[in-house]
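Structural characterization, general
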Amino acid sequence: MIDNRLAPYGALGLRVALGLMFIAHAYLKLVIFTPAGFTGFLGQVGLPGFLAWPIMLAELIGGIAILVGFHGRYVSLALIPILLGALSVHAGNGWVFNAPNGGWEYPAFLALTALAHVLIGDGALAVTGSRAPAAAKPALA
């Protein structure tokens with residue numbers, strides 16, 4: 001059962017955590033790994049290096065949109081392919097993300113979190129009202 005009074009705040013918590021995660025990963029790629037380093041990494045794992053900037057910008061701009069609730073559920077849907085790409089890159093490294101080159105459980109968790117955000121909606125304090133449609137109310141017997 002869903003508590004309709006508190007569910008919007010649960011969705012807000014999910015949205016804030018997911019938005020901050022995307023922003024943090026964009027920052028990591030831009031400042032720590034550097035765009036050149038991330039481009040090189042993509043080449044090492046068999047992906048085209050020209051994807052580096054689109055991925056970094058999608059994570060940064062998308063993370064901000066999710067954080068503030070600007071059509072966040074649609075942004076999460078658009079970012080799921082990036083998370084699935086990260087999952088495929090880390091799939092052969094084992095379960096734990098602190099394994100050499102990172103494990104696959106964290107990207108899998110984030111992809112499912114983004115999917116949950118798509119299904120639940122933006123919740124409370126969103127800039128736009130892209131909430132999930134209300135469930136049908138059961139008929140009284």
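This structure is a prediction, so every number in the text was calculated from the model and none was measured.

Cut-offs applied
- Residues numbered from 1 in each chain as written.
- Predicted model: local features only at pLDDT ≥ 70, side-chain atom pairs only at ≥ 80, totals over all residues.
- Heavy atoms only, no water.
- Helix = DSSP H or I, 4+ residues; strand = E, 2+ residues; numbered from the N terminus.
- Expected span 1.5 Å × (residues − 1).
- Buried < 20%, exposed > 50% of the residue type's maximum accessible area, 1.4 Å probe, protein only.
- Contact = heavy atoms within 4.5 Å.
- pLDDT = per-residue confidence, 0-100.
- Phe/Tyr/Trp six-rings, centres within 6.5 Å; stacked < 30°, edge-to-face > 60°.
- Lys NZ or Arg CZ within 6 Å of the ring centre and 35° of its normal.

An ideal rise of 1.5 Å per residue puts 38 Å on 26 residues; helix α1 (residues 7-32) measures up with 36 Å between its terminal C-alpha atoms. All of the buried residues in α1 are Ala11, Leu12, Arg15, Leu18, Gly19, Met21, Phe22, Ala26 and Lys29. Taken together, the buried residues of α1 touch α2 (35-44), α3 (52-68), α4 (72-90) and α5 (105-120). Two residues or fewer after α1 comes Thr34, characterised by a positive phi angle close to 70 degrees.

A residue-level look at the protein finds 91% of positions with pLDDT of 70 or above and a mean pLDDT of 91. The model gives residues 136-141 a pLDDT under 50, and that stretch makes zero contacts with residues more than four places away or in other chains.

A word on the packing of aromatic side chains. Within the structure shown, the criterion is met by two aromatic pairs. Ring centres 6.5 Å apart and planes at 15 degrees place the aromatic pair Phe38 and Phe41 in the stacked group. In this pair, Phe38 and Phe41 are both assigned in helix α2, three residues apart and thus about one turn of the helix distant. Given a relative accessible area of 7%, Phe38 falls into the buried group. Relative accessible area serves as the criterion here: at 30%, Phe41 is assigned to the partly exposed category. Residues Trp95 and Trp104 carry aromatic rings whose centres are separated by 4.9 Å and whose planes lie at 75 degrees to one another, so their mutual orientation is edge-to-face. We classify Trp95 as exposed; its relative accessible area is 53%. Positioned over the ring face of Phe38 is Lys29, at 5.4 Å from the centre of the ring.

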